[in-house]
Amino acid sequence: MDILGLTKGSVSPFGLLNDESRLVRFFLDEDFADGSLGIHPNDNTATVVIRHGAFLQFLESCGNSYEFIELY
């Protein structure tokens, strides 16, 4: 809440928009590295579908560090 300004249940990658100090490091399962992602738009009552390339552009524009990792 203090950094992303989001409440429980509504946290999403789009919350990086609120991280003005770029404190959050974002991790995403590498299985999502292809195709599209369904993401809550900082509200858990809707879902936005975004292609992977556009999502990478979003991450770059936010300025936060991010990493794709292998989850078991």
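Remember, it's a predicted structure, so these values are computed and weren't measured experimentally.

Chemist: Can you help me understand the environment of L28 in this one?
Modeler: Within the element layout of this structure, L28 appears in strand β1 (residues 26-29). Residue classification places L28 among the buried positions, given a relative accessible area of 15%. Sequence spacing of L28 and A46 is 18 residues, and the spatial spacing of their C-alpha atoms is 20 Å.

Chemist: What is the right way to look at unusual backbone geometry in this model?
Modeler: When glycine is set aside, most residues are seen to have a negative phi, and most peptide bonds are trans. The backbone of R22 sits at a positive phi, close to 55°, despite the residue not being glycine. Overall, R22 belongs to the partly exposed group, its relative accessible area being 37%. At N42, a residue that is not glycine, the phi angle is positive and equals roughly 60°. Looking at N42, the relative accessible area reads 23%, which means it is partly exposed.

Chemist: Can you walk me through the packing of aromatic side chains in this structure?
Modeler: Two aromatic rings, taken as a pair, are described by how far apart their centres are and by the angle between their planes. Tallied over the entire structure, the rule returns four aromatic pairs. Counting every residue linked through ring pairs, the aromatic cluster contains F14, F26, F55 and F58.

What counts, and at which threshold
Residues numbered from 1 in each chain as written. Predicted model: local features only at pLDDT ≥ 70, side-chain atom pairs only at ≥ 80, totals over all residues. Heavy atoms only, no water. Helix = DSSP H or I, 4+ residues; strand = E, 2+ residues; numbered from the N terminus. Buried < 20%, exposed > 50% of the residue type's maximum accessible area, 1.4 Å probe, protein only. Phe/Tyr/Trp six-rings, centres within 6.5 Å; stacked < 30°, edge-to-face > 60°.

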